[in-house]
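The lines below spell out each chain.
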Amino acid sequence: MNTADLKMPNEQSLAQQAQADPAAFARLYDHYLRRVYNYMRYRLTDAQTADDLTAQVFHRAWEKRHNHDPEKAPFGAWLFGIARHVIHDHYRRQKRFGWLSLDVLRERFSLTPPPEEAFIQSEMQTMVLQAVARLNEREREIVALKFGGNLNNLQIAELTGLTSSNVGIILYRAMKQLKAAMETQGVSK
Amino acid sequence: MNEQEKATRFSSQIDQLLQAPAWQQADDLLNDDDQALLDFARKMAVLDFSTQSQFRRRIQQPTKGVNKMLFARNGRYALAALGVTLLLLVMMITLIAPVRAFAQEFLQSLFVRHESNTLAAEPYNPISDPTPTPIPAPESVPDLSISEADALASFAVKELTNLPAGFTLSSVYYDQERDKVTFLYLNDIYQGIVLHQEPAETAEPWTIGADAVIEAVMVGGIPGEYVHGSWQWVKPTTEGAVVGSTEEIWRNDDPHQQLRWTQDGIVYTLSTTVGQDLGLTQADLISLAESLQ
């Protein structure tokens, strides 16, 4: 991931402008879209659902932009808070409609790249998603926020209610699991 | 160095990698295992899944205005909504309610019609400042072999023996809560056939659209029910803006097929994966169902 632009200059003032100026919101959108999408992929694995939920995140952010106080919370942290709500609603919805258990299959199914996209999906990407899908919920969330959302441990701690040191330990152990899983598939050594 | 210290250092290293993937640890304090873990993290730090996004062109091409970016799919969905509306209109005309009600008397309630063709999403939670929210774990559906699933299930698990050309068994899942076994069959272009098996006493009817057509069929001399179509997410518009999915609409024209029947106290559901046309007719699906052993 190209993260050269990870820190957005003047983000706070841009977030304030975005309350009334769609162009300012568009700049925030451009900056965060890739990260929110990658977070969704780590959480969901299914590309189509990740697309849909990513759109929901930004729509909600746009609708609720007046609730965001840039002086209290950075825009990125606020946005990933919304992303977590969207994920939560998605899982709750899956539980509600039992017959949609095919969604679970679709997520599983979607890990196998369709042939027309095979050339753009590296083996590493597919294997990582397969391995991440086997982590427990908390580990998966933290890996997603770290590598998808590019958040630091303090930001992740604020979102998840964990301590920063707990986040670090969980991430460290999860990465060891992922590496071991990848090695059994002959990818990472 | 204890685990907490290692974890703290590792997190800091990842943050460095996410800022600059070419970043290198300046000293040689890392042992081989830690260095290997850092190398693995370096590989993950450069992963970008957005190339797989259907929005990828937009992701890669920054917008000049938020309306264009957020809501670019408006035209396509407006067209789709118009098509669905026309289709529903035709169906309302052609399917006379009393006739359908009469036919319903002979069905087994393996499917249940929703009151309309739209399933509303749960209402938004008003979002102020985000607060930590526990996220429920998704239903666990582990991979199994057929014999492992058979050992776990309270009934004798059956499998399809006359699969269409090119299809093979890909995955087997067992839902402990519902004592339900699911087989996924795929062909080499990743089209899917799904077979569910579950006890009738705990099996639930599948919800379908109000205008869905339930056809009474026979599967090896046993009454069954067949439905063509599926729920699909739609994107409502707000002030000309396409937004996230908040409801689903039933579409009879989706190639998704579902065949359900009950045999020896087990409800079997044979379906194709949503949105994929496998080229199977209703008769083909029934013939496939009859190969169950």
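The structure this text deals with has already been given above.
Undergrad: Looking at this structure, I do not really get the packing of aromatic side chains. What am I missing?
TA: In this description, an aromatic ring pair is defined by two values, namely the gap between the centres and the angle between the planes. Residues and elements named next belong to chain A. Counted under the stated rule, the structure contains 10 aromatic pairs over all chains. Look at Phe 75 and Trp 78: their rings are 5.7 Å apart centre to centre, the planes differ by 50°, and that puts the pair in the tilted class. Residue Phe 75 and its partner Trp 78 are both found in helix α4 (residues 75-96); the two are separated by 3 residues, about one turn of the helix. The buried category is assigned to Phe 75, whose relative accessible area is 4%. Trp 78 sits in the buried class, given a relative accessible area of 0%. Here a set of aromatic residues connected by ring pairs shows up, and it is made of Phe 25, Tyr 32, Trp 62, Phe 75 and Trp 78. Sitting over the face of the ring of Trp 62, Arg 65 holds its NZ or CZ atom 3.7 Å from the ring centroid.

Undergrad: Hey, could you run me through the packing of helix α10 (residues 164-184) of chain A against helix α2 (residues 32-45) of chain B in this one?
TA: The axes of two packed helices give the description: the angle between them and the distance between them. Viewed as axis vectors pointing N to C, α10 of chain A and α2 of chain B meet at an angle of 85°, and their least axial separation amounts to 10 Å. Taken together, α10 of chain A and α2 of chain B sit at an angle that is classed as roughly perpendicular. Where α10 of chain A approaches α2 of chain B, its residues Tyr 172, Met 175, Lys 176, Leu 178, Lys 179 and Met 182 of chain A are matched on the opposing element by Asp 34, Ala 36, Leu 37, Phe 40, Ala 41 and Met 44 of chain B.

Undergrad: Hey, could you run me through the pairing of strand β4 (residues 180-186) of chain B in this one?
TA: Residue and element names in this part refer to chain B. Burial within β4 is extensive, with 7 of its 7 residues counted as buried. Residues of β4 alternate between two faces, with Lys 180, Thr 182, Leu 184 and Leu 186 on one and Val 181, Phe 183 and Tyr 185 on the opposite face, all of them buried. Hairpin connection of strand β3 (residues 168-175) to β4: 4 residues between the antiparallel strands, including Asp 179 at a positive phi of 50°. As defined by bridge partners, β4 adjoins strand β5 (residues 192-199) across 6 bridges and the pair is classed as antiparallel. Note on β5: the bridge partner recorded for Tyr 185 is Ile 193.

Undergrad: Could you clarify how one ought to interpret the sheet that holds β5 of chain B in this entry?
TA: Hydrogen bonds between backbone groups are what pair the strands of a sheet, and the pairing can be parallel or antiparallel. Residue and element names in this part refer to chain B. Taken in spatial order, the 7 strands make up an open sheet running β3-β4-β5-β14-β13-β8-β7, and their pairing is antiparallel. A single partner strand is all that each edge strand has here, and the edge strands are β3 and β7 (214-219). Sheet twist, expressed as the average angle between the axes of neighbouring strands with direction ignored, equals 20°. Sheet topology note: the β7/strand β8 (residues 222-228) ladder contains 6 bridges and is antiparallel.

Undergrad: Please clarify how α10 of chain A should be interpreted in this entry.
TA: Because the α-helix completes a turn every 3.6 residues, residues three or four places apart line up on one side. With 21 residues, α10 of chain A extends 30 Å between its outermost C-alpha atoms, agreeing within 8% with the 30 Å of an ideal straight helix rising 1.5 Å per residue. If you check which residues of α10 of chain A are buried, you get Val 167, Gly 168, Ile 169, Ile 170, Leu 171, Tyr 172, Ala 174, Met 175, Leu 178, Lys 179 and Met 182 of chain A.

Undergrad: In this structure, what is going on with helix α8 (residues 282-289) of chain B? I would like to understand it.
TA: Residue and element names in this part refer to chain B. For α8, every residue scored as buried is listed here: Leu 285, Ile 286, Leu 288 and Ala 289. For α8, the arc enclosing every buried residue in end-on projection is 160°, short of the 170-degree limit, so these residues lie on one face. Those residues of α8 that are buried are in contact with β5, β7, β8, β13 (257-263) and β14 (266-272).

Undergrad: Whenever I open this one, the nonpolar core confuses me. Can you help?
TA: Taken as a class, soluble globular proteins show a tendency for nonpolar side chains to be buried jointly. One finds Met 40, Tyr 42, Val 143, Phe 147 and Met 175 of chain A together with Met 44 of chain B to be the most contacted residues of the largest nonpolar core, which totals 71 residues. No other element matches helix α2 (residues 22-44) of chain A, which puts 12 residues into this core. When near neighbours in sequence (up to four residues on either side) are disregarded, Tyr 42 of chain A contacts Val 128, Leu 129, Val 132, Arg 140, Val 143, Ala 144, Phe 147 and Gly 148 of chain A together with Met 44, Leu 47 and Phe 49 of chain B. If you look at the next biggest cluster of nonpolar residues, it comprises 30 residues, including Ala 153, Phe 167, Ile 193 and Leu 285 of chain B.

Undergrad: I'm lost on the environment of Ala 20 of chain A in this one. Help?
TA: Residue and element names in this part refer to chain A. Relative to the helices and strands, Ala 20 is located in the loop between α1 (11-18) and α2. Take Ala 20: its relative accessible area is 70%, and that puts it in the exposed class. Each C-alpha atom of the pair Ala 20 and His 66 lies 8.6 Å from the other, and the pair is 46 residues apart in sequence.

Conventions and cut-offs
- Residues numbered from 1 in each chain as written.
- Chains lettered and ligands numbered in written order.
- Predicted model: local features only at pLDDT ≥ 70, side-chain atom pairs only at ≥ 80, totals over all residues.
- Heavy atoms only, no water.
- Phe/Tyr/Trp six-rings, centres within 6.5 Å; stacked < 30°, edge-to-face > 60°.
- Helix = DSSP H or I, 4+ residues; strand = E, 2+ residues; numbered from the N terminus.
- Buried < 20%, exposed > 50% of the residue type's maximum accessible area, 1.4 Å probe, protein only.
- Lys NZ or Arg CZ within 6 Å of the ring centre and 35° of its normal.
- Axes fitted to C-alpha atoms, helices over the stretch in contact; angles between N-to-C directions.
- Parallel < 35°, antiparallel > 145°, perpendicular 65-115°, else oblique.
- Contact = heavy atoms within 4.5 Å.
- Pairing = 2+ DSSP bridges.
- Expected span 1.5 Å × (residues − 1).
- Arc of directions from axis to C-beta.
- Core = buried A, V, L, I, M, F, W, Y, C linked by side-chain atoms within 4.5 Å.

So far we have only geometry, and geometry alone does not tell us how the molecule works.
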